Amino acid sequence: DARVTQTPRHKVTEMGQEVTMRCQPILGHNTVFWYRQTMMQGLELLAYFRNRAPLDDSGMPKDRFSAEMPDATLATLKIQPSEPRDSAVYFCASLRDRSYNEQFFGPGTRLTVL
Amino acid sequence: AQSVTQLDSQVPVFEEAPVELRCNYSSSVSVYLFWYVQYPNQGLQLLLKYLSGSTLVKGINGFEAEFNKSQTSFHLRKPSVHISDTAEYFCAVTISGGYQKVTFGIGTKLQVIP
């Protein structure tokens, strides 16, 4: 049963610390998305990659957030330095070409910044 | 650019009663439409999708949706809900053909009352 995996599932950290979240897309999926979900803003698209190349990161605060895809099996989202307003659930999703843009979501990383 | 509007943020309904969750979209070109469900503390998973052809689409867990091009709607229905249907439901739209990012609605919380 192919699934998107995310680590860690939960992260509690203090303001100013670096946070790295990881995502393993489904094997063969070549497009990866990062979303943030909060009660106030709902589901927001932060960035996405196709064939490991960044396509759009306009939803991401540039000064503290960075997203990379070092290889086809790993996507990372880093926050440095973290702030309390970054507290949210971060989801990764992936899809493959010719799939009518059907995305498969991971279980999310719940981040709490104190 | 495409957009999607979910008209109800919360819908309470008694167990075994029917339910309809409303979704309207906006796009100047052909679209694909999706409904995703998010159970507590989980990622989003696909309920059903409309790509083309028959306007009545059946999905998992007894849900169905009807694509209405003239009213630009894609409402989700279930004739008899169960407690386990308590979740948040997201309508989503993408431009058909080729690779396009997906735009999600703000979500509708379905609360099934025993």
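The rules behind each value
The residue numbers shown here count from 1 along each chain, following its written sequence. Throughout, the order in which chains and ligands are written sets their labels, letters from A for the former and numbers from 1 for the latter. Residue-level local features of this predicted model are given only where pLDDT is at least 70; pairs of side-chain atoms are given and counted only at 80 or more, and the full residue set underlies all totals for whole chains, interfaces and linings. No hydrogens and no water enter the side-chain calculation; it runs on all heavy atoms of the structure. Numbering of helices and strands runs from the N terminus; a helix is a DSSP stretch of H or I covering at least four residues, while a strand is a stretch of E covering at least two. When we talk radius of gyration, it's over C-alpha atoms, and the globule rule is simply 2.2 Å times the number of residues to the 0.38. The cut-offs for exposure are 20% and 50% of the maximum accessible area for each residue type, with area from a 1.4 Å probe on protein chains only; residues under the lower value are buried, those over the upper are exposed, and the others partly exposed. Note on definitions: salt bridges are taken to be side-chain nitrogens of Lys or Arg within 4 Å of carboxyl oxygens of Asp or Glu. Think of a nonpolar core as a cluster: buried Ala, Val, Leu, Ile, Met, Phe, Trp, Tyr and Cys residues, connected wherever their side-chain atoms sit within 4.5 Å. Whether two residues are in contact is decided by their heavy atoms, any of which lying within 4.5 Å being enough. We call a pair of cysteine sulfur atoms a disulfide whenever their separation is within 2.5 Å. Throughout, the accessible surface (probe 1.4 Å) given up by two parts as they are put together, summed over both, is called the buried area. Identification of polar contacts relies on pairs of N or O atoms within 3.5 Å, with a donor-acceptor requirement for protein atoms, meaning one able to donate a hydrogen and the other able to accept it, and with residues adjacent in sequence counted only if both atoms are side-chain atoms. Residues are grouped as follows: nonpolar covers Ala, Val, Leu, Ile, Met, Phe, Trp, Tyr, Cys and Pro; charged covers Asp, Glu, Lys and Arg; every other residue, Gly included, is treated as polar.

Glancing now at the overall build of chain B. A count of helical and extended segments in chain B gives 0 helices and 12 strands. Traced from its N-terminal end to its C-terminal end, chain B shows the element sequence β-β-β-β-β-β-β-β-β-β-β-β. Its C-alpha atoms give chain B a radius of gyration of 14 Å, near enough to 13 Å, the size a compact globule of 114 residues would have. Expressed along its principal axes, the backbone C-alpha trace of chain B runs to roughly 45 × 30 × 20 Å. Residues counted as buried form 45% of the 114 residues belonging to chain B.

Turning to the pattern of salt bridges, a few remarks are in order. Counted under the stated rule, the structure contains 12 salt bridges over all chains. Salt-bridge contacts for lysine 49 of chain B lead to glutamate 102 of chain A; the nearest nitrogen and oxygen are separated by 2.6 Å. Highlighted residues: lysine 49 of chain B in strand S6 (residues 44–50) and glutamate 102 of chain A in the loop between strand S9 (88–95) and strand S10 (104–105), drawn from two different chains. Taking the relative accessible area as the measure of exposure, lysine 49 of chain B reaches 29% and is therefore partly exposed. Between lysine 58 of chain B and glutamate 64 of chain B there is a salt bridge, with the nearest N and O atoms lying 2.8 Å from each other.

In this section: the nonpolar core. Formed by 28 residues in total, the largest nonpolar core has its most connected members in Leu33, Trp35, Leu47, Leu48, Phe74, Leu76 and Tyr89 of chain B. Residues contacting phenylalanine 74 of chain B, with those up to four places away along its chain left out, are Cys23, Leu33, Phe34, Trp35, Leu48, Tyr50, Ala65, Glu66 and Phe67 of chain B.

Here the structure, examined in full by the defined rule, presents 2 disulfides over all chains. The disulfide that involves cysteine 23 of chain A links it to cysteine 92 of chain A, with 1.8 Å between the sulfurs. Looking down the S-S bond of the cysteine 23 of chain A and cysteine 92 of chain A bridge, the torsion is -55°, so its handedness is left-handed. Taken together, the residues span a long stretch of sequence, with cysteine 23 of chain A in strand S3 (residues 19–24) and cysteine 92 of chain A in strand S9 at a distance of 69 residues. Note on accessibility: cysteine 23 of chain A and cysteine 92 of chain A belong to one class, buried. Two residues share a disulfide in this structure: cysteine 23 of chain B and cysteine 91 of chain B, whose sulfurs sit 1.9 Å from each other. Judged by the sign of its S-S torsion, about -65°, the bond between cysteine 23 of chain B and cysteine 91 of chain B is left-handed. With a gap of 68 residues between them, cysteine 23 of chain B in strand S4 (residues 23–26) and cysteine 91 of chain B in strand S10 (residues 87–95) connect regions that are remote in the sequence.

Chain B puts 21 residues into the contact, and the matching count from chain A is 21 residues. Summed over both partners, the interface of chain B with chain A buries about 1,700 Å², with 56% contributed by carbon and sulfur atoms. If you look at where chain B meets chain A, you find 4 residue pairs in polar contact (both at pLDDT 80 or more). Secondary-structure elements contributing two or more residues to the side of chain B that touches chain A are strand S5 (31–38), S6 and S10 of chain B. Of the residues contributing to the side of chain B that touches chain A, the split by class is 11 nonpolar, 7 polar and 3 charged.

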